[in-house]
Amino acid sequence: MANKKKNNYVSKDKKEINEKNTSSKNIILSIKNASYRYSDAEDDDYALRDVSFDFESGKMYAIRGRSGTGKTTLLSLISGLERCTEGEIIFDGKSLKDMNLDKYRNSDIGIVFQSYNLLPFMTASENIILSMDVNGSKIKNKKEKAIELMEKVGLKETYADRKVLRLSGGEQQRVAIARSLSYNPKMIIADEPTGNLDKQTETEILDIFKKLAHEENKCVIIVTHSGNVCDTVDVIYDLKKFKEESSK
Ligand SMILES: Nc1ncnc2c1ncn2[C@@H]1O[C@H](COP(=O)(O)OP(=O)(O)OP(=O)(O)O)[C@@H](O)[C@H]1O
Ligand SMILES: [Mg+2]
């Protein structure tokens, strides 16, 4: 077997000292010694090496690290787009290895991207309804539900019929968050969701994520370079390359 390189991962649980009873942890997702190597990589060239993180419902997390430390790769594993090369990921007590990953992606996790990934020539509500349709939602009045979700993220009903093309970046990200909530997932994961936004708008978007975690018991995981995000979350996980660490 190839010479094992080990990454160094650090957790900063900002609430830890205030939590009297840590045994009552409500873990929704557990990453256990996960490694990932892309198929075209050299034998010991792992994009991610031996990562173990736990995530609880009702908490907001940041995953940070320099470019190339494997943040996006980790989100691909968490969202079931890729499978671990070694180790495993447990969601709600069940290994992703034993799960139908399409079903998992379409019901248990909501994904939010830096560039929103909405269909620009459709209206805000049509984008959300499309997601409900793709996920086989049985909701009777989908438009009403879309408007309800939009209001939850601070968008008035009048935005529902506006084409995405005519919304600001911050408004588009709100629609994208509303879309990610359309099937009421237990977990929301976001890759640099505020990377294209100004600081004030970033703070407003972070407030939405915070409410989803603290008031609706969702587990929110955000990959970020932003200090503002790290100041807002409950727990920060740092991804570091083995080489970075050993050269210090
Ligand atoms: N499709 C791929 N094929 C081969 N190697 C890849 C692929 N995608 C990423 N990598 C490699 O895996 C490592 C981790 O990449 P990843 O995109 O996860 O980093 P990141 O932390 O998200 O970086 P950034 O902050 O720049 O987005 C890098 O060395 C990268 O070159
Ligand atoms: Mg990335």
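Whatever comes next refers back to the structure up there.
Residues numbered from 1 in each chain as written. Chains lettered and ligands numbered in written order. Predicted model: local features only at pLDDT ≥ 70, side-chain atom pairs only at ≥ 80, totals over all residues.

Draft legend 1. Main features of the overall build of the chain. For the chain, the helix and strand inventory stands at eight helices and 10 strands. In the chain, which comprises 248 residues, the share counted as buried stands at 39%. Across the chain, contacts joining residues at least 24 apart in sequence account for 76% of those joining residues at least 6 apart. (Helix = DSSP H or I, 4+ residues; strand = E, 2+ residues; numbered from the N terminus. Buried ≥ 20, exposed ≤ 12 C-beta atoms within 10 Å, placed from the backbone. Contact = placed C-beta atoms within 7 Å.)

Draft legend 2. Representation of helix H5 (residues 169-180) in the model. Here H5 is 12 residues long and its end C-alpha atoms lie 16 Å apart, about the 16 Å a rise of 1.5 Å per residue gives. H5 sits mainly inside the fold: 10 of its 12 residues count as buried. Those residues of H5 that fall on the buried side of the exposure criterion are Glu171, Gln172, Gln173, Arg174, Val175, Ala176, Ile177, Ala178, Arg179 and Ser180. Where the residues of H5 are buried, they touch strand S7 (109-113), helix H3 (124-134), helix H4 (142-152), strand S8 (187-191) and helix H6 (199-214). (Expected span 1.5 Å × (residues − 1).)

Draft legend 3. Region of interest: the nonpolar core. Membership of the largest hydrophobic core comes to 65 residues, with the highest contact counts inside it found for Tyr61, Met150, Val175, Ile189, Val220, Ile221 and Ile222. Excluding residues within four positions of it along the chain, isoleucine 189 makes contact with Leu75, Ile78, Ser79, Ile109, Ile111 and Ile221. (Core = buried A, V, L, I, M, F, W, Y, C linked by C-beta atoms within 7 Å.)

Draft legend 4. Local environment of the sheet that holds strand S3 (residues 48-56). Taking strand neighbours across the sheet as the criterion, the four strands line up as S3-S2-S5-S6 in an open arrangement whose pairing is antiparallel. Since the sheet does not close on itself, it has two edges, and those belong to S3 and strand S6 (94-95), each with one partner. Taken strand by strand, helix H1 (residues 71-78) contacts strand S2 (27-36), S3 and strand S5 (86-91), and its axis lies near 125° from that of S2. (Pairing = 2+ DSSP bridges. Axes fitted to C-alpha atoms, helices over the stretch in contact; angles between N-to-C directions.)

Draft legend 5. Structural context of the site of ligand 1. Tyr38, Asp40, Ala41, Ala47, Gly65, Ser67, Gly68, Thr69, Gly70, Lys71, Thr72 and Thr73 make up every residue found near ligand 1. For the shell around ligand 1, the class distribution of residues is three nonpolar, seven polar and two charged. (Near = placed C-beta within 6 Å. Nonpolar A, V, L, I, M, F, W, Y, C, P; charged D, E, K, R; others polar.)

Draft legend 6. Expanded view of unusual backbone geometry. Positive phi, normally seen in glycine, also occurs at asparagine 117, with a value near 55°. By the element assignment, asparagine 117 lies in the loop between S7 and H3. Taking the C-beta count within 10 Å as the criterion, asparagine 117 has 12 such neighbours and is therefore assigned exposed. Phi is positive for asparagine 184, close to 50°, though the residue is something other than glycine.

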